Every structure is written in structure tokens, then in C-alpha cells.
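As a plain string of letters, each chain reads:
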Amino acid sequence: MLAVALGLGSSLCWGFADFFAGLQSRRRALLAVLLISQGASLALLLPFALAVADEAPSGTAIGWAALAGTAGVIALGSFYRGLAIGTMSVVAPISATGAAVPVLVGLVDGERPSSLQIAGIAVAIVGVVLAARESEPAEAAGAEHRAAGRTAVALALLAALGFGTFFVGIDRASATAEVPWVMLISRSCSLGVVLVAALAARPALPRDAAAVGALAAVGLLDLGANGLYALATREGLLSVVAVLSSLYPTVTVVLARFVLAERVSRLQEVGVLLALAGVASISAG
């Protein structure tokens, strides 16, 4: 049950982080959002990791953590851009299909969840796919809107692949290394990739404290989600934890509906309910 609670906690943090990051990405340059959010989280994580971590990680653990950080920041960049140009309640669930990557890896490695948990995983994945359906017919939208929608879906699929790779990398690194080290290495690699891109593109950075604070909060929520996920993988099956952590779209969809008044179709509502039913089945297993 601890793994279930940690996995659900990570999905909650990711859901809030993604919603607010999507809002910020509509107002500011994507690289500015990533640079400040990733930098703020690393600034908080660095002294904590150095204070509590003991044994240095192995080279293998460092490699997996670095892969997770690199794949994760590419996924975040794709995801945030998709949220900025598309419908949040569509983009977020598509990105969650990345749960299929660690599920397949876990099954190949011999993990055997219970029958009820397998059913819950299947229902949850079906739920996020249904929630990804457009809330209005494509022919009712203009050509520009349809083009932006297609681009947003493509970015969400790229994000899904990156998030799936991130899940696997964090799981592998956490198996032999302490979680603070894993988080520090992955976040350092993420920030390194963003710094290189920012030096090349030179995006305009916000100067007012309120804007910087909002972006820093996004980074801290994302960091909290990553840490909860890493802890969850040490307590439970990867194939179960990854799906629980990928239920963050339910949070984003609900926020988009009530805060932004986005239209959510009946089919999308069914998808959200199925995702929640999947959580119940996984927890009961």
C-alpha cells in the first residue's frame, strides 16, 4: 500500500505542476519556463542530497540516472509546448500512455502483478486513451486550429516516449543507489541540457519576483513528484507504480475544466472515470 500511496502522490504533484507549467508556457518562452523551474529545483535538491546521501552511486546507476534526466527534460519540453498550443485535457492524457514503456520492461524482467492489478493497468491505459479524444469534431475547427492540434498530439506522443524512458531509468538507478543521489544526477543532467539550449536560443527571462516564484513552484512540484516516484519503485512493482504515477492527466483535465473552462466531451469524462477505476483496482490488488 505504501507504493500505491507514493505513486498516487507523484501523479498528484505532476498533475498540478503540468497544469501550471502549461499556463506559464502560454505566456513565456518554453526555455525560460524550463530553465527557472529546473534550476530552482536543483538549488533546493543539491544541499539536501549532499547532507543525507551516504554511499556514492555506481557508474551504472549514474548512467541510468543521466538517461532518465535527459529523457525527462526532453519529454517535459515537448509536453509543455503541447500544453501551450493544444487543449490541455487532450494533450495530458496522451502523454500518460508512456506508462506502456515501463510496463513492458517490467513484464520482460519477470514482474508478475496480480490479475486484479493487470486489469487495473489495462483499464487505466484505456481511460487515458479515451480522455485523449478531441472534445469537438475536427471539421468544426479552423485549419490553423487543426494544425496546432496535430502538432500538440505529436508532441504529446514524443513526451510519452520520454516519460516512459524516464520511468525506467529512475527505476534502474534507484535499485542500487540512494534516491537523493539519483534525483541529483538526473536533475543536473536535465538542467545541463536546458542550459545548452538556452545559451544557443537566449530566451527572454522574467525579472519580476511573482513570475520567477511561479516558475520555481512548478519545478518544486515536479521535483517532489520525481522523488515520490523513485521511492515508490523501491516499495512496489514497476509495472504498477508507473501506471499509478501516470494518472496525472486526471488532475490536469479537472483543473483545465474548472479553471480554464475547457470543454470536455462525454467520452473524455468516461476516460477519466476509467482511469480512476483503474487506480482502485491497482490499489485493491
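Note that the structure is predicted; figures quoted are calculated from it, not measured.

Visitor: Outline the packing of helix α1 (residues 2-25) against helix α3 (residues 59-85), supporting the account with residue identities and numerical values.
Guide: Packing of α1 against α3 leaves a shortest axis separation of 8 Å and a crossing angle of 65 degrees. Compared by their axis directions, α1 and α3 come out roughly perpendicular. With respect to the hand of their crossing, α1 and α3 are arranged in right-handed fashion. Listed contacts from α3 to D18, A21, G22 and S25 of α1 are F79, Y80, L83 and A84. A breakdown of the residues in the contact of α1 with α3 according to their chemical character gives 5 nonpolar, 2 polar and 1 charged.

Visitor: Go over the packing of aromatic side chains, please, and point to the residues and values.
Guide: Between two aromatic rings, the relevant description is the distance of the centres plus the angle of the planes. Tallied over the entire structure, the rule returns 12 aromatic pairs. Seen from their ring centres, F79 and Y248 are 6.1 Å apart, and the 65 degrees between their planes marks the pair as edge-to-face. Of this pair, F79 sits in helix α3 while Y248 sits in the loop between α10 (238-245) and α11 (249-259), placing them 169 residues apart in sequence. F79 sits in the buried class, given a relative accessible area of 0%. Residue class for Y248 comes out buried when judged on its relative accessible area of 3%.

Visitor: Any chance you could break down the nonpolar core for me, citing the residues and the numbers?
Guide: Core analysis: the biggest nonpolar cluster contains 61 residues, and W14, F79, Y80, F163, I170 and Y229 have the highest contact counts within it. Beyond its immediate sequence surroundings of up to four residues, W14 is in contact with F166, F167, D222, A225, N226, Y229, S245 and Y248. Counting residues in hydrophobic clusters, the runner-up holds 10 residues, among them V103, V240, L247 and A275.

Visitor: Now, about the confidence of the model for the protein: what can you tell me, with residues and values included?
Guide: The predicted model of the protein has a mean per-residue pLDDT of 84, with 91% of residues at 70 or higher. By mean pLDDT, the top-scoring element of the protein is α3 (94), and the lowest-scoring one is helix α12 (residues 266-284) (72).

Visitor: Please provide a residue-by-residue account of the packing of α3 against helix α4 (residues 88-95), values included.
Guide: Where α3 meets α4, the axes come as close as 8 Å, and the angle between the chain directions of the two elements is 155 degrees. With respect to their mutual orientation, α3 and α4 come out roughly antiparallel. As for the relative orientation of α3 and α4, their crossing is right-handed in sense. Between α3 and α4, the contacting residues are F79, G82 and L83 on the first element and M88, V91, A92 and S95 on the second.

Visitor: How would you summarise the pattern of salt bridges if you had to cite specific residues and measurements?
Guide: Applying the stated criterion across every chain, the model contains 3 salt bridges. Its salt-bridge partner being D222, residue R187 comes within 3.0 Å of it at the nearest N-O pair. Here D222 lies in helix α9 (residues 209-235) and R187 lies in helix α8 (residues 179-201), a separation of 35 residues in the sequence. Under the relative-accessibility criterion, D222 is labelled buried at 4%.

Visitor: Give me the environment of S78: which residues, what numbers.
Guide: As for its placement among the helices and strands, S78 is situated in helix α3. Its relative accessible area of 8% is what places S78 among the buried residues. Once residues lying within four places of it in the same chain are set aside, the contact partners of S78 are L155, L158 and A159.

Visitor: Before we move on, can you summarise empty space enclosed by the protein with the specific residues and values?
Guide: Per the counting criterion, the structure on display carries 4 cavities of 30 Å³ or more. At 5 residues, α3 tops the list of elements feeding residues into the lining of the largest cavity. Here the lining of the largest cavity is composed, by residue class, of 6 nonpolar, 6 polar and 2 charged. Computed from the structure, the second largest cavity encloses a volume of approximately 70 Å³.

Visitor: Report on the side chain of S186, specifying residues and quantitative values.
Guide: For S186, the position within the fold is in helix α8. For S186, a relative accessible area of 3% corresponds to the buried category. Within the structure, the side chain of S186 is placed 3.1 Å from the backbone oxygen of M183, a separation counted as a polar contact. Apart from the residues within four sequence positions on either side, S186 is in contact with A65, G69 and I170.

What counts, and at which threshold
- Just so you know, the residues in each chain are numbered from 1, in the order the chain's sequence is written.
- Given that the model is predicted, a residue must reach a pLDDT of at least 70 before its local features are reported, and side-chain atom pairs must reach 80 or more before they are shown or counted; all residues, however, enter totals for whole chains, interfaces and linings.
- Only hydrogens and water are set aside when side-chain values are computed; all heavy atoms of the structure are taken into account.
- Lines fitted to C-alpha atoms define the axes, with helix axes restricted to the stretch in contact, and inter-axis angles between N-to-C directions lie between 0 and 180 degrees.
- Secondary structure elements are defined from DSSP: runs of H or I of at least 4 residues count as helices, runs of E of at least 2 residues count as strands, and each element is numbered from the N terminus.
- Here roughly perpendicular refers to angles of 65 to 115 degrees, roughly parallel to angles under 35, roughly antiparallel to angles over 145, and oblique to all remaining angles.
- Note on convention: near helix rotated counterclockwise from far helix by under a right angle means a left-handed crossing. Clockwise means right-handed.
- In this analysis, two residues are considered to be in contact whenever any of their non-hydrogen atoms come within 4.5 Å of each other.
- Under the scheme applied here, ten amino acids are nonpolar (Ala, Val, Leu, Ile, Met, Phe, Trp, Tyr, Cys and Pro), four are charged (Asp, Glu, Lys and Arg), and all others, including Gly, are polar.
- A pair of Phe, Tyr and Trp rings is counted when the ring centres sit within 6.5 Å of each other, with Trp represented by its six-membered ring. The angle between the planes then sorts it: under 30 degrees is stacked, over 60 is edge-to-face, the rest tilted.
- We call a residue buried when its accessible area falls under 20% of the maximum for its residue type, exposed when it is over 50%, and partly exposed in between, using a 1.4 Å probe and counting protein chains only.
- By nonpolar core we mean a set of buried residues, namely Ala, Val, Leu, Ile, Met, Phe, Trp, Tyr and Cys, connected to one another through side-chain atoms within 4.5 Å.
- Confidence scores here are pLDDT values: one per residue, from the predictor, ranging 0 to 100.
- Between Lys or Arg on one side and Asp or Glu on the other, a salt bridge is scored when a side-chain nitrogen of the former is within 4 Å of a carboxyl oxygen of the latter.
- A pocket here means an open set of points on a 1 Å grid, computed over the protein atoms alone, that has protein on both sides within 12 Å along at least five of seven lines. A cavity is instead a set of points where a 1.4 Å probe fits but cannot get out; residues with an atom within 4 Å of a point line either one.
- Grid points are joined across faces, edges and corners, and a volume is the space filled by probe spheres set on the points.
- Polar contact is defined as a pair of N or O atoms within 3.5 Å, subject to the rule that within protein one atom must be able to donate a hydrogen and the other to accept it, and that residues adjacent in sequence are counted only when both atoms are side-chain atoms.

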